[in-house]
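Listed below, chain by chain, are the residues.
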Amino acid sequence: MKKKHPFILFFLFTLIISLSLITCTSKSPSEKYDVIIKNTKIVDGTDSAPYKGGIAIRGERIAAVGKVRGEAPTVIDGSGLITCPGFIDPHTHADNRIIRNPSAENFIMQGITTVVAGNCGNSWPQDENLSFDEWLSKLEETEKSINIAMLVGHGTVRGFVMGDDFKRHATQDEIEEMKKLIDSAMKNGAFGMSSGLDYYPGEYADTGEIIELAKVAAKYGGRYVTHLRHCNSHWPAIDQEEWGYGVYHGPVEDVWVGKYRGLMEAIEVSRKAKVQLHISHLNPVYRIPQPHPGFLDEAAAKATLWIIDRAREEGLDITFDLICATSGLTRMNELINEFIRSRTPSLSWLREIEKEEFINKLKTGEYKKKIKGLYLENRLKLGKIHTKADPYWIDRFKILECNNKDYEGKTIGELSIEKNTEPLDLIFEVLIEDPDTKWVQFLDERHFERADETLIQHPNASPCTDLSVFPPITEASGSMPAFAYGMFADFIGNFVRDKAIFSLEQAVRKASYLPARMLNLDDRGSLSSGYYADIVIFDLERIRNTGTFINPAQPPEGVEYVLVNGKIVYKDKAHTGEMPGKLLRHEN
Ligand SMILES: [Zn+2]
C-alpha cells in the first residue's frame, strides 16, 4: 500500500494540472462574456488578410478574437458581414457641439467611434472662458456616445494671450505665455497642437512662433496637426481688413505658390521642432489654371506626395488626412443668400436688405448692374468659389429646389446654355421667378476625383470628415453636407467595392489602426485581445451613404452594428441610447 501512495499523488497532480490547463487555454463552453460576435469575417485593422471567426467582449474590452467559444447574454450573428475596429476620424470639429448632441449620431451611424477635435487651430470654446483642463473635465463629465480626443488649438491659445491685438507677430513674452498654456494642455491630455494658418488669429503667426510652440507638443510626444497656410486661400485681399473664406492675405505675387509654401512651412516646423507632423484635409499644393484635364490633378497630387515622401525619407514622421467627398463641406443653400446674407466683403452693401426688396431692385436692373460690375472687377464670390479665379464656376452649382421644376437638378452652366443667357443674368432670372430657389455647390473646387484617389492611396493617408456633431436624424433640420451621416460608408463602398482602389484591409487600416498610431493610442484601432471593444459590423455589398443635399440626415446603408467600449450604440439603423464614450487623454 505504501508503494502506491506516490503514484496516486502523481496521478492526482497530473489530473489537476491538465484540468487547469484545459480551462486556461481553451475557451470552454462555460466561458462567460458580455457580447459575442460569431461567424463573422474579421478585418483586424493591421492590414492582415481577413479571416472567419468570432469576437468575445467582456466589459469594455475585447476578451478573445478568432476561435471563440462561450456564452454571452448578447450574441450577434455576423454571418455575411465584416467586423472591424471602429473608425477613428482624425479631423473633426466636434468640440462643443458634442455637449449639445451627445449621441453624435452622424458619426456613430457611419461607424466612427472616436473623433479628434480641436482642429484647425481652434479648440476649447473661448466664450466660456474655460482653461483647457476645465474644458477637458467638462467633456469628460458629458455623457456621450463616442470617444473624443482633443488637440490644443494654436489659434485659441494665441487669441487667449493676444486678445484683439493679434494682427502682428507675437512678442517673445507672448510666445512664452502661449508655451505655458500649451504645456499645461499637453500635461492634461491634449494629443498635440493644431494650427489653422488661414484663419484669425493664427494666420498672423510667423513660422518661428509655430516652431517654438510645436516644440512643446513634441516634448510630450504629441503631434503638430496643421491646416496649412493658404490651404484654401487664393483670392487676394484688396486690403488686410478684408476677410472671408478663400481670401488671401499673403504677398499678391505669391498667390499661385502660397499653398506650396504652406506645405514647405509645415515640413520646416516638423524638422526644426522635431515634432511628428499631421497635415489636415490635404489637397494638392500646386494650383493649376482652369481648364485642365483630370490627369493634371493626378500629377499635382503625386507631386504633393513626392514632397512629403522626400521629407519622410529624411526621417520626419508625416501623416495626413483628407475629406473623401468631391463636394467637400458644401451644403444646400438659398440662392438669394449668396447675395443678401453673403459674408463676402464686396457684397456687404447688400447684407441688410430683405428678400422682397432685393428682388424688387433686381427687377429695376439697378442691382443687376452693380453685381455684374463686381463680377467684372473680380470681386464676386459665390459659395466657396471666386467667379474669376475659376471660370468653370457655372458647372459647380446646381439648382435643387425651385418653383420651376425644369430647373431642378441642372447646373447654372447647363441652364445658361439651354436658355442662351449669360450665367449671372440667368441667376437673376431664376431668383425673380422664385426667390426661394435653393442651390448647392456640388463640387468643392479643392476636391478633384483623381487627386483624391491618388492622395488616399498613400500608406500614411487617412479619411476624415471635417464635420461637427449634428443632431439625431429624427431632430435634424436645415442644410447639411450630403455625407454628414455617411462619408465613411462611402469611403469603404467607393474605394473598396466600386472602384477597387485598395483592398478592404487597407481601407480599414487607414480608418482605424493608422489614426490610432498617429494618436499613440495603443489600445484602440485594432481587433486584438485586451483592446477596447470599439467595433463596426457592416455589409460590404451594401455599404453606402444615402444622404443627399436635400435629405442629408439619413442612416447609411449597410452599417449593421456599432459598438463603443463594449456597448452596442447602433443597430437596426437606430441609436440605442447608450452613452459609453470617453474623453481620451494622451499618455505622456
Ligand atoms: Zn481646416
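Residues numbered from 1 in each chain as written. Predicted model: local features only at pLDDT ≥ 70, side-chain atom pairs only at ≥ 80, totals over all residues. Heavy atoms only, no water.

Chemist: Please clarify how the overall build of the protein should be interpreted in this entry.
Modeler: The helix and strand tally for the protein stands at 18 helices and 26 strands. Projected onto its principal axes, the C-alpha coordinates of the protein cover approximately 120 × 60 × 45 Å. Buried residues in the protein amount to 56% of all 588 residues. Contacts spanning at least 24 positions in sequence make up 73% of the contacts within the protein whose residues lie at least 6 apart. Summed over all atoms, the accessible surface of the protein reaches about 24400 Å², with 52% contributed by carbon and sulfur. Averaging the locations of the 71 positively and 84 negatively charged side chains of the protein gives two centres separated by 6 Å. (Helix = DSSP H or I, 4+ residues; strand = E, 2+ residues; numbered from the N terminus. Buried < 20%, exposed > 50% of the residue type's maximum accessible area, 1.4 Å probe, protein only. Contact = heavy atoms within 4.5 Å. Areas by Shrake-Rupley, 256 points an atom, 1.4 Å probe, with all protein chains shown as cover. Lys, Arg positive; Asp, Glu negative; His and termini not counted. Charge placed at Lys NZ, Arg CZ, Asp CG, Glu CD.)

Chemist: I keep staring at the pairing of strand β23 (residues 559-564) and nothing clicks. Help me out?
Modeler: Each regular strand displays side chains that alternate between the two surfaces of the sheet. Across the 6 residues that make up β23, a large majority, 5, are buried. With 4 bridges connecting them, strand β22 (residues 535-538) and β23 associate as antiparallel partners. Paired with Phe-538 across the strands is Val-559, a residue of β23. Both β23 and strand β24 (residues 567-571) contribute to a ladder of 4 bridges, which runs antiparallel. If you follow Val-564 over to β24, its bridge partner there is Lys-567. Linkage of β23 to β24, two consecutive antiparallel strands, is achieved through a turn of 2 residues, within which Asn-565 is found at a positive phi near 45 degrees. (Pairing = 2+ DSSP bridges.)

Chemist: When you look at the environment of Glu-253 in this model, what are you seeing that I'm missing?
Modeler: If you trace the backbone, Glu-253 turns up in the loop between β13 (247-248) and α8 (258-273). With 318 residues separating them in the primary sequence, Glu-253 and Lys-571 have C-alpha atoms 55 Å apart.

Chemist: Looking at this structure, how should I read the packing of helix α6 (residues 172-187) against helix α7 (residues 207-219)?
Modeler: When two helices pack together, their arrangement is captured by the angle between the axes and the distance separating the axes. At a minimum axis separation of 9 Å, α6 and α7 run at an interaxial angle of 25 degrees. As the angle between them shows, α6 and α7 are arranged roughly parallel. Crossing angle aside, the handedness with which α6 passes α7 is right-handed. Residues Gln-172, Ile-175, Met-178, Lys-179, Ile-182, Asp-183 and Met-186 of α6 touch α7, and the partners they reach there are Glu-209, Glu-212, Leu-213, Val-216, Ala-217 and Lys-219. The residue makeup of the contact of α6 with α7, split by class, is 7 nonpolar, 1 polar and 5 charged. (Axes fitted to C-alpha atoms, helices over the stretch in contact; angles between N-to-C directions. Parallel < 35°, antiparallel > 145°, perpendicular 65-115°, else oblique. Left-handed = near helix turned anticlockwise from the far one by under 90°. Nonpolar A, V, L, I, M, F, W, Y, C, P; charged D, E, K, R; others polar.)

Chemist: It is not clear to me how the nonpolar core should be interpreted in this structure. Could you clarify?
Modeler: When a protein is soluble and globular, its nonpolar side chains tend to lie buried together. By size, the foremost hydrophobic cluster in this structure holds 105 residues, and its most contacted members are Ile-492 and Phe-538. The leading source of residues in this core is helix α16 (residues 487-498), at 7 residues. In contact with Ile-492, other than residues within four places in its own chain, are Phe-87, Arg-497, Leu-504, Ala-507, Phe-538, Leu-540 and Ile-543. Grouped together as the second largest cluster of nonpolar side chains are 31 residues, Ile-340, Leu-382, Ile-412 and Phe-428 included. (Core = buried A, V, L, I, M, F, W, Y, C linked by side-chain atoms within 4.5 Å.)

Chemist: I would appreciate a short explanation of the side chain of Asp-321 in the present structure.
Modeler: Within the secondary structure, Asp-321 sits in strand β15 (residues 318-323). The charged side chain of Asp-321 is buried without a salt bridge, its nearest counter-charge being Arg-223 at 9.8 Å. Looking at Asp-321, its side chain comes within polar contact range of the main-chain nitrogen of His-281, at 2.6 Å. Excluding anything up to four places from it in sequence, Asp-321 contacts Pro-90, His-91, His-278, Ile-279, Ser-280, His-281, Leu-282, Ser-462 and Cys-464. (Salt bridge = Lys/Arg side-chain N within 4 Å of Asp/Glu carboxyl O. Polar contact = N/O pair within 3.5 Å; in protein donor to acceptor, adjacent residues only side chain to side chain.)

Chemist: What is the right way to read the sheet that holds strand β16 (residues 333-334) from this model?
Modeler: Adjacent strands of a sheet pair through backbone hydrogen bonds, lying either parallel or antiparallel. Read across the sheet, 3 strands follow the order β16-β20-β19 without closing on themselves; strand pairing throughout is antiparallel. Here the strands that pair on one side only, and so sit at the sheet edges, are β16 and β19 (397-401).

Chemist: Just to check I follow, could you spell out unusual backbone geometry for this structure?
Modeler: Glycine aside, negative phi is the norm for most residues, and most peptide bonds take the trans geometry. Going from Tyr-200 to Pro-201, the amide bond is cis rather than trans, its omega being -10 degrees. Residue position: Pro-201 is located in the loop between β10 (192-196) and α7. Its identity as a non-glycine residue notwithstanding, Asn-420 has a phi of 50 degrees, on the positive side. With respect to the element layout, Asn-420 can be found in the loop between α13 (412-418) and α14 (423-433). Asn-420 gets classed as exposed once you look at its relative accessible area, which sits at 73%. A positive phi angle, near 60 degrees, is found at Asn-520, a position not held by glycine.

Chemist: I keep staring at the pattern of salt bridges and nothing clicks. Help me out?
Modeler: Oppositely charged side chains may form a pair once their charged atoms are brought near each other. Evaluated as defined, the whole model comprises 40 salt bridges. The partner of Glu-140 in a salt bridge is Arg-585, and the shortest N-O contact between them spans 2.7 Å. Here Glu-140 is found in helix α4 (residues 132-141), whereas its partner Arg-585 is found in the segment after β26 (583-584), with 445 residues between them in sequence. Of the residues examined, Glu-140 reaches a relative accessible area of 41% and is grouped as partly exposed.

Chemist: Quick question: what am I supposed to make of α6 here?
Modeler: Helix length check: α6 (16 residues) gives 22 Å between terminal C-alpha atoms against 22 Å at 1.5 Å per residue, within 8%. Listing the buried residues of α6 in full gives Glu-174, Ile-175, Met-178, Ile-182, Asp-183, Ala-185 and Met-186. Residues of α6 that are buried in the fold lie against α4, β9 (152-153), α5 (154-162), β10 and α7. Where α6 ends, the next residue or the one after it, Gly-189, has phi of about 120 degrees, a positive value. (Expected span 1.5 Å × (residues − 1).)

Chemist: Quick question: what am I supposed to make of the packing of aromatic side chains here?
Modeler: For any pair of aromatic rings, the description rests on two quantities: the centre-to-centre distance and the angle between the ring planes. Scanning all chains against the criterion turns up 16 aromatic pairs. On the numbers, 5.7 Å between centres and 35 degrees between planes, the contact of Phe-87 with Phe-488 is tilted. Taken together, the positions of Phe-87 in strand β6 (residues 87-89) and Phe-488 in helix α16 put the pair 401 residues apart, joining distant regions of the chain. For the residue pair Phe-87 and Phe-488, the accessibility class agrees, reading buried in each case. A connected cluster of aromatic rings, assembled from ring pairs, spans Phe-87, Phe-488, Phe-491, Phe-495 and Phe-502. Sitting above the plane of the Trp-349 ring, Lys-370 keeps its charged end 4.2 Å from the centroid. (Phe/Tyr/Trp six-rings, centres within 6.5 Å; stacked < 30°, edge-to-face > 60°. Lys NZ or Arg CZ within 6 Å of the ring centre and 35° of its normal.)

Chemist: Even after reading the chapter, I still don't get the sheet that holds strand β21 (residues 461-464), so can you show me in this structure?
Modeler: Spatial ordering of the open sheet is given by β9-β10-β11-β14-β15-β21, a layout of 6 strands whose pairing is parallel. Both outer strands of the open sheet, β9 and β21, are each paired with one neighbouring strand and no more. Note that β15 and β21 share 4 bridges and pair parallel. Opposite Leu-322, over in β21, you have Pro-463 as the bridge partner. Against the sheet, α8 makes contact with β11 (223-227), β14 (276-279) and β15, and its axis sits at roughly 155 degrees relative to β14, the strand it touches most. On top of the sheet, helix α15 (residues 449-456) reaches β15 and β21; it is set at about 145 degrees to β15, its chief contact.

By themselves these figures say nothing about function.
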